[in-house]
Each structure stands twice: as C-alpha cells, then as structure tokens.
Amino acid sequence: MAIIVAGKLKIKSGSRHDFVKKSLEAVLLARENEACEDFSVSPDPIDMNRVNIFERWESRSSLDEFRNSGPESDIFSLVEEFDVKEYEVTT
C-alpha cells in the first residue's frame, strides 16, 4: 500500500524562498531513496506565503524510515500554519 503526503504550508511573510531553498536537501535525499516515488516542495504561483507539498512513498515503513533519518533543519520555524494529510492508496 502506497502512502501519499499532500497539502499546503503557510510560511512566514517574506520567508517562502528561504523555506524552499532549505527544503532542497530533503527533496534530493528523498528522490535518491528507492522507496520514494515522488517528492516535491513547490512555491504556490498565487499566494506568496504558501508552499505546496507532495510525496509518494511505496509504504508506510519507508516513509517512517526516511523521516527518522532525514536531514536535521530548523526549517519548520518558518511555518505559521500547515494543512498536510497522509493518504493510503492501493495501486
């Protein structure tokens, strides 16, 4: 069963570019992971304080393993609000 993580983050005013830049290491590490089918952190084209998140993992255990071994960062200090959900999908 695959896991999709999708949603949006409200970033502190003026910090969106910094957030996306700080996300680059995690994006690169995830995409190098065989269990990661997709991983994206994208600036919203309309809202200058919004970032869109999309991840697809082949299993819950692979997602959990990545989260427990991913890069350390203070990136979430830039987040004011988040609305991100996880979905289990059968393929």
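Above this note sits the structure.
In this text, all values refer to a predicted model and were calculated from it rather than measured experimentally.

K.L.:
When you look at the pattern of salt bridges in this model, what are you seeing that I'm missing?
P.N.:
Opposite charge on two side chains allows them to pair when their charged atoms are near. Per the stated rule, a full pass over the model turns up ten salt bridges. The shortest N-O distance in the salt bridge between Lys 10 and Glu 81 comes to 3.9 Å. Pair noted here: Lys 10 is in strand β1 (residues 2-11) and Glu 81 is in strand β4 (residues 79-89), with a separation of 71 residues, a long-range link. By relative accessible area, which is 48% here, Glu 81 ends up partly exposed. Ionic pairing is found between Asp 64 and Arg 60, a salt bridge with its closest N-O pair at 3.4 Å. With Asp 64 and Arg 60 both in helix α2 (residues 60-69) and four residues apart, the pair spans about one turn of that helix. A relative accessible area of 31% means that Arg 60 is categorised as partly exposed. By sharing partners, the salt bridges in this structure join Arg 60, Asp 64, Arg 67 and Glu 86 into a single network.

K.L.:
Looking at this model, I keep getting lost on the side chain of Arg 16. Mind explaining?
P.N.:
Here Arg 16 shows up in helix α1 (residues 16-32). Buried charged residue Arg 16 carries no salt bridge. Nearest counter-charge: Asp 44, at 5.6 Å. Side-chain polar atoms of Arg 16 contact the backbone oxygen of Asp 44, separated by 2.6 Å. The residues contacting Arg 16, other than those within four sequence positions of it, are Ile 11, Pro 43, Asp 44, Asp 47, Met 48, Arg 50 and Val 51.

Thresholds, definitions, all that
- Sequence positions are assigned chain by chain, starting from 1 and proceeding in written order.
- With the structure being a predicted model, the display of local features is reserved for residues of pLDDT at least 70 and the display and counting of side-chain atom pairs for 80 or more, all residues being used for whole-chain, interface and lining totals.
- Where side-chain values are given, they derive from all heavy atoms of the structure, hydrogens and water being excluded.
- A side-chain nitrogen of Lys or Arg and a carboxyl oxygen of Asp or Glu constitute a salt bridge if their distance falls within 4 Å.
- Working definition: helices are DSSP H or I runs of at least four residues, strands are E runs of at least two. Numbering for both runs from the N terminus.
- Only protein chains enter the area calculation, which uses a 1.4 Å probe; residues under 20% of their type maximum are buried, those over 50% are exposed, and those in between are partly exposed.
- Within this scheme the basic residues Lys and Arg register as positive and the acidic residues Asp and Glu register as negative, but His and the chain ends are omitted.
- We define a polar contact as two N or O atoms separated by no more than 3.5 Å, with the added condition that, inside protein, one atom must be a possible hydrogen donor and the other a possible acceptor, whereas residues neighbouring each other in sequence contribute only through side-chain atom pairs.
- Contacts between residues were defined by any pair of non-hydrogen atoms, one from each residue, lying within 4.5 Å.

It is worth stressing that arrangement in space is one thing and function is another; only the former is reported here.
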